[in-house]
Amino acid sequence: MSELIHYQIQQLIDNGQTVQLTLAEDVQTEPVSQKQLMLDAINRKLDPELRDQIAPFIEAILQAQPTIAIKSYAQTSITITMPKRRYEKMGSPAVGQRLEINMRKI
């Protein structure tokens, strides 16, 4: 099974002989509010009747809390070290550019 994954270059270290690329998976995620995650967890734990009774109290309490947006996806990161000549043959990609990596078990 082959999976094609796009990575974005986060860091580039060139020491003259070798080049080290630090890549992070290039995914688009929507931020999820911490407040919404808490409400969802509470809703899953309570039966519908009890939830309807205490929902106004919980929402009032959470309104006082700051809304912190968190990412809902843990990105994969890879560090690759290669000879500088090979890096140059790739077209010398820069920080922020995207690379396509084909990963599969052989």
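Q: Tell me about the overall build of the protein chain, residues and numbers included.
A: In terms of helices and strands, the protein chain carries three helices and six strands. Looking at the protein chain as a whole, 17% of its 106 residues are labelled buried. Counting only contacts in the protein chain whose residues sit at least 6 apart along the sequence, the fraction spanning at least 24 positions is 73%. When the accessible area of the protein chain is evaluated, it comes to approximately 8,300 Å², of which 52% is carbon and sulfur surface.

Q: Talk me through the pattern of salt bridges; I want residue IDs and the actual numbers.
A: Taken as a whole and assessed by the stated rule, the structure comprises one salt bridge. Between aspartate 14 and lysine 84 there is a salt bridge, and its shortest N-O distance comes to 2.9 Å. A residue pair is termed long-range when its members are at least 10 positions apart, and aspartate 14 in strand S1 (residues 2-14) and lysine 84 in helix H3 (residues 84-89) qualify at 70 residues. On the basis of relative accessible area, lysine 84 is assigned to the partly exposed category, the value being 25%.

Q: Report on the environment of arginine 51, specifying residues and quantitative values.
A: Summarising the element assignment, arginine 51 is placed in helix H2 (residues 48-63). Sequence-distant contacts of arginine 51, defined by excluding residues within four places in its chain, comprise Asn43 and Leu46. From its side chain, arginine 51 meets the backbone oxygen of leucine 46 in a polar contact 3.3 Å long.

Q: Please give an account of H2 that cites residues and values.
A: In this model, H2 (16 residues) spans 22 Å end to end at C-alpha, consistent with the 22 Å of a helix rising 1.5 Å per residue. At isoleucine 54, H2 shows its strongest bend, of approximately 50°, with the proline proline 56 following within four residues.

Q: Let's hear about the environment of methionine 82: which residues, and what values?
A: Following the sequence through the fold, methionine 82 ends up in strand S5 (residues 77-83). Non-local contacts of methionine 82, meaning those with residues more than four positions away in its chain, are made with Thr18, Val19, Leu21, Tyr87 and Met90.

Q: Residues and numbers for the confidence of the model for the protein chain, please.
A: Counting all residues, the mean pLDDT for the protein chain is 83, and 86% of those residues have values of 70 or more. Looking over the protein chain, one finds the lowest element-wise mean pLDDT in strand S4 (residues 69-70), namely 64, and the highest in H3, namely 94.

Q: Can you lay out the nonpolar core for me, pointing to particular residues and giving the numbers?
A: It is characteristic of soluble globular proteins that their nonpolar side chains tend to be buried jointly. Ile5, Tyr7, Ile9, Val19, Leu21, Leu23, Met82, Tyr87, Leu99 and Ile101 together form the largest nonpolar core, which totals 10 residues. Only S1, strand S2 (18-25) and strand S6 (98-104) provide two or more residues apiece to this core.

Q: Quick rundown of the packing of helix H1 (residues 34-45) against H2? Include the residues and the values.
A: Put simply, H1 and H2 touch, their axes get as near as 11 Å, and they point 160° apart. Comparing their axes, H2 and H1 come out roughly antiparallel. Crossing hand, H1 versus H2: right-handed. When H1 is examined against H2, the residues Lys35, Met38, Leu39, Ile42 and Asn43 are found in contact with a partner set consisting of Arg51, Ile58, Glu59, Leu62 and Gln63. Partitioned by chemical class, the residues of the contact of H1 with H2 number five nonpolar, two polar and three charged.

The rules behind these values
Counting restarts for each chain: residues are numbered from 1 in the order of the written sequence. In keeping with the model being predicted, local features are shown solely for residues with a pLDDT of at least 70 and side-chain atom pairs are shown and tallied solely at 80 or more, while totals for entire chains, interfaces and linings include all residues. No hydrogens and no water enter the side-chain calculation; it runs on all heavy atoms of the structure. For helices the rule is a DSSP run of H or I covering at least 4 residues; for strands it is a run of E covering at least 2, with both sets numbered from the N terminus onward. We call a residue buried when its accessible area falls under 20% of the maximum for its residue type, exposed when it is over 50%, and partly exposed in between, using a 1.4 Å probe and counting protein chains only. Only heavy atoms enter the contact rule, under which two residues are in contact if any of them lie within 4.5 Å. Areas reported here follow the Shrake-Rupley algorithm with a probe of radius 1.4 Å; residue values treat only the protein chains shown as occluding. Here, a salt bridge means any side-chain nitrogen of Lys or Arg that lies within 4 Å of a carboxyl oxygen of Asp or Glu. The term polar contact refers here to a pair of N or O atoms within 3.5 Å; inside protein, the definition further demands a hydrogen-donor-capable atom paired with an acceptor-capable atom, and it admits residues adjacent in sequence only when both atoms are side-chain atoms. By definition here, a helix of n residues has an expected span of 1.5 Å times n minus one. To get the bend at any residue, fit one axis to the seven residues that end at it and another to the seven that begin at it, then take the angle between the two axes. pLDDT is a residue-level measure of predictor confidence that goes from 0 to 100. Nonpolar core, defined: a set of buried Ala, Val, Leu, Ile, Met, Phe, Trp, Tyr and Cys residues in which side-chain atoms within 4.5 Å join the residues together. In this analysis, axes come from line fits to C-alpha atoms, helices being fitted only over the stretch in contact, and the angle between any two N-to-C directions falls in the range 0 to 180 degrees. Roughly parallel covers angles under 35 degrees, roughly antiparallel covers those over 145, roughly perpendicular covers 65 to 115, and oblique covers all other angles. Rotating anticlockwise by less than a right angle from the far helix to the near helix defines a left-handed crossing, while the corresponding clockwise rotation defines a right-handed one. Just so you know the grouping, Ala, Val, Leu, Ile, Met, Phe, Trp, Tyr, Cys and Pro go in nonpolar, Asp, Glu, Lys and Arg go in charged, and all remaining residues, Gly too, go in polar.

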